[in-house]
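Structural overview
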Amino acid sequence: MNFLIHCTLANDVADNLAADTELRTGLIAGGVIGDFVKGPVNTAWPEALQNGVRLHRKIDALSNQDLAIRRLSATFPPHLRRFAPIFLDLLADHALAIDWSQHYDFARREFSQGCYAAIDEYAPYMPAGGMKFVTYMREQDLLGNYHEWDHIRRATQSVLRRLNRLELTSAAESAMQATLPATADELQGLLERLRQGSGEVVS
């Protein structure tokens, strides 16, 4: 999953655990920082952030195995199918942002500011490349603005640039827009499965 869903699910897990502020902050920060750290979780880090990174990885593992994600991936044209799970991560954030009020009763933009504050709390543990992205994320308020397709377009281009497949950008965008309604239909069930499967990783 992409950043908005990672952060909202981290907040949901914190709610379910009646977590204190420290744990909630670490879980949410891990929803972003977890995308930039590889290898074993550093046991010298604050425990709350360790839990956040583990939660991030568990959500990704559950998403990769989810039957709905596999079904949606299979609807992409064959030449895009290997990249479809990445595209679906972005689409899921977009679908959640569009229908935010159907899923949560607090303001998305206020939530986004709280997420940036959580990341700031643990900024010393973020790799330099990650902090560069977080600066961009905050300037654009990506977590508050994923309902705007232009941010999805830019993220798609960034992914394909890293994969040296920029020539697929137009086809990928068309396929993603075609898949968006089905992604939105699957979203509530997907979020619930991810919530149910991820809470036990928090110690």
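Report follows, based on the coordinates. Along each chain, residue indices are assigned from 1 in the same order as the chain's sequence is written. For this predicted model, a pLDDT threshold of at least 70 governs which residues receive local features, and a threshold of 80 or more governs which side-chain atom pairs are given and counted, while totals over whole chains, interfaces and linings are taken from all residues. Computation of side-chain values: all heavy atoms of the structure, hydrogens and water removed.

Pairs of aromatic rings are described using the distance from one ring centre to the other and the angle between the two planes. Two rings from Phe, Tyr or Trp (for Trp, the six-membered ring) form a pair when their centres are within 6.5 Å of each other. A pair whose planes differ by under 30 degrees is stacked, one over 60 is edge-to-face, and the rest are tilted. Taken as a whole, this structure holds 13 aromatic pairs when the rule is applied. Plain terms: the ring middles of Trp100 and Phe111 are 6.0 Å apart, the flat faces sit at 35° to each other, and that makes the pair tilted. Here Trp100 is found in helix α6 (residues 100-103), whereas its partner Phe111 is found in helix α7 (residues 108-121), with 11 residues between them in sequence. Accessibility expressed as a relative area gives 6% for Trp100, which makes it buried. Exposure categories follow from relative accessible area, calculated using a 1.4 Å probe and restricted to protein chains: below 20% of the type maximum is buried, above 50% is exposed, and the middle band is partly exposed. We classify Phe111 as buried; its relative accessible area is 9%. Ring centres of Tyr122 and Tyr125 lie 6.3 Å apart, and the angle between their planes is 45°; on these two criteria the pair is classed as tilted. Three or more aromatic residues joined by ring pairs make a cluster, and in this case those are Phe3, Phe36, Phe133 and Tyr136. Helix and strand assignments come from DSSP, with helices taken as H or I runs of at least 4 residues and strands as E runs of at least 2, each series counted from the N terminus.

Running from N to C, helix α1 (residues 3-16) and helix α2 (residues 21-33) cross one another at 160°; their axes reach a closest spacing of 8 Å. If you check the angle between α1 and α2, you find them roughly antiparallel. For the pair α1 and α2, the crossing hand works out as right-handed. Across the interface between the two elements, Phe3, His6, Cys7, Ala10, Asn11, Val13, Ala14 and Asp15 from α1 touch Arg24, Leu27, Ile28, Gly31 and Val32 from α2. Fitting a line to C-alpha atoms yields each axis, with helices limited to the stretch in contact; the angle taken between N-to-C directions then spans 0 to 180 degrees. Throughout, the term roughly parallel applies to angles under 35 degrees, roughly antiparallel to angles over 145, roughly perpendicular to angles from 65 to 115, and oblique to all others. Crossing handedness is defined as follows: a turn of the near helix away from the far one that is anticlockwise and smaller than a right angle gives a left-handed crossing, while the clockwise case is right-handed. It only takes one pair of heavy atoms within 4.5 Å for two residues to be counted as in contact.

Further remarks concern helix α5 (residues 84-98). Each helix should span, by expectation, one fewer than its residue count multiplied by 1.5 Å. With 15 residues, α5 should cover 21 Å at 1.5 Å per step; its first-to-last C-alpha distance of 21 Å lies within 8% of that length. Buried residues dominate α5, accounting for 12 of its 15 residues. Looking at α5, one finds that the buried residues are Ala84, Phe87, Leu88, Asp89, Leu90, Leu91, Ala92, Asp93, His94, Ala95, Leu96 and Ala97.

Whenever Lys or Arg places a side-chain nitrogen within 4 Å of a carboxyl oxygen from Asp or Glu, that contact is recorded as a salt bridge. Tallied over the entire structure, the rule returns 11 salt bridges. We note a salt bridge from Asp141 to Arg109, for which the minimum N-O separation is 3.4 Å. Residue Asp141 is located in the loop between α8 (128-140) and α9 (142-145), and its partner Arg109 is located in helix α7; the two are separated by 32 residues in the primary sequence. In this structure Asp141 comes out as buried when scored by relative accessible area, which is 11%. Accessibility expressed as a relative area gives 41% for Arg109, which makes it partly exposed.

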